[in-house]
Amino acid sequence: MKQSASDSETDDYERPLLHRKQDGDIVRAPVLCSSRYGLAILSCYGFFVAYALRVNLSVAMVDMLNSSSSSSGANDSVCPRHSSPARPKHNHTASVYDWDSETQGWILGSFFYGYIITQIPGGYLARKYGAKWLLGFGILGTVIFTLLTPVAADLGAGYLIAVRVVEGIGEGVTFPAMHAMWASWAPPLERSRLLTISYAGAQLGTVVALPLSGQICFYLDWTYVFYIFGAVGLLWFILWVFLVSNSPSSHRRISETERTYITASLQNELSPTSDYIPWKSILTSVPLWAIVVAHFSYNWTFYTLLTLLPTYMNDILGFSIKQNGMLSALPYLGCWLLSMGGGQLADYLRETCLFRTVIVRKAFTIVGMMGPAVFLVAAGYTNCNYIMAVIFLTISSSLGGFSASGFNINHLDIAPSYAGILLGITNSFATIPGMVGPVIARSLTKSNTILEWRTVFFISAGINLFGALFYTLFGKATAQSLWCAIKAVRRRASVSPAAARLSAPAQSL
């Protein structure tokens, strides 16, 4: 298929956005008290809630199990155990359960079986009906079923699994819906900043939920983990309903300067919302598959560590449950900080240093995927040097934060009008590692030896390197010319079908 460069591609190469004065002066709206940054903060809060509700069960599970039936080998670890404070005595009234390891695995993994279902539908529905209510009700549904978790657990493991699947279905629409909303809200030269602020809530939710859930279980009992985070989610939904709109044109409190700035900066990128979606062009797009491979590869390492890092800390390094929660949160704290800083740096390089968008996206993807691979392998050779192990694992996950300004927001570069659908496609594939990665890792670490965990780290690092290389070779950061041509033809056809046929660009298929 031979394609000529689109107008946006040529412009991005020859004339950076800030230097297109002849296209009309666009006055940049202030950042302070702006509606677009207000949306970024509220969506950050939303993803904080989403990820807190996703990971809190992994910590609460420890307190939900009957210690008398699950304590065998609990004090064994490859490395010498670290001293830990005695747990305070309190009235532990919450129920405990006799679930074997297989049942625990199904409970912890069931979320992703629901999560993968609504990825692509979420992007389509957000484009067709608007993202505000879809994202709002998606997280609200997760909040409601989180509050019902103690009841479901008392009814039986099957009911709890069903509740977690429904929670996954609710959360499955969040990223595609938010991407679709940002397609109407994020000016091109502020995308890295706005989206990294927004999606940084995911890391922040993990950073807070892991240690806080441990403290709640330590001083109260596990049921309060779900009640407290559920209440935080209800507060977010109220704020979201009253303060957010689908687009600048429908926002009631946005300034006219900001509304004009956003719509003018996006006028050449967005097509009118319609039922038509160029599925064939989307599914045969090499740049999209580059994002798919990168997203899948990155999430393999991310989900493996997210679910098994506490196990590694306990079984290999010998940290107690209270120490475990704090130390397991360190890598995600670093990831949050670097994703925020990376967003500022990425837009600075594009705006001030005039770096091409594709160079910035690929550079940040390389650092955010190859860097973690190197330090993950290094962590496998630290043996019982727990200080170096924690440092290397923290650096590994922290560097992954740079990918937030790489492949992770590339959907908006190549097809902003279909960004929600594209993210639904890539995130569907990227959910598979959450379903199978930890299972494979646990099957490789049955004896819990350092050598076995080293193999797990090597596999994750290898997948990361492959994803980074594939994206570097095939990734793009410009609107795909065929899709733009389709939109242009359809727009002209709505005025004059004959003229559209005469002026449609020839495509070599």
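Let us look at the structure shown here.

Here we look at the pattern of salt bridges
As a working rule, side chains carrying opposite charge can pair if their charged atoms are close by.
Then, number 1: This structure, assessed with the given rule, holds 12 salt bridges.
Then, number 2: Between R36 and E190 there is a salt bridge, with its nearest N and O atoms 2.8 Å apart. Taken as a pair, R36 in helix α2 (residues 35–64) and E190 in the loop between α9 (174–185) and α10 (191–219) lie far apart in primary sequence, 154 residues in all. Here the two residues R36 and E190 agree in accessibility, since each one is buried.
Then, number 3: Residue R350 pairs with D347 through a salt bridge whose shortest N-O separation is 2.9 Å. Of this pair, R350 and D347 both sit in helix α15 (residues 321–351), separated by three residues, roughly a single helical turn.
Then, number 4: Residue D347 is classed as buried on the basis of its relative accessible area, which comes to 0%.
Then, number 5: Via salt bridges that share partners, R28, R36, E190, R193, E258, D347, R350 and E351 belong to a single interconnected network.

Details of the packing of aromatic side chains
Then, number 1: Tallied over the full model, the rule gives 30 aromatic pairs.
Then, number 2: Measuring from centroid to centroid gives 6.3 Å for Y51 and F175, while their planes differ by 90°, and the two rings are edge-to-face. Highlighted residues: Y51 in helix α2 and F175 in helix α9, separated in sequence by 124 residues. Each member of the pair Y51 and F175 is classed as buried.
Then, number 3: Following the ring pairs from residue to residue traces out a cluster consisting of F111, F112, Y115, Y298, F302, Y303, Y332 and F407.
Then, number 4: The ring of Y51 is capped by R54, whose NZ or CZ atom sits 4.1 Å from the centre of that ring.

Criteria and cut-off values
Residues numbered from 1 in each chain as written. Predicted model: local features only at pLDDT ≥ 70, side-chain atom pairs only at ≥ 80, totals over all residues. Heavy atoms only, no water. Salt bridge = Lys/Arg side-chain N within 4 Å of Asp/Glu carboxyl O. Helix = DSSP H or I, 4+ residues; strand = E, 2+ residues; numbered from the N terminus. Buried < 20%, exposed > 50% of the residue type's maximum accessible area, 1.4 Å probe, protein only. Phe/Tyr/Trp six-rings, centres within 6.5 Å; stacked < 30°, edge-to-face > 60°. Lys NZ or Arg CZ within 6 Å of the ring centre and 35° of its normal.

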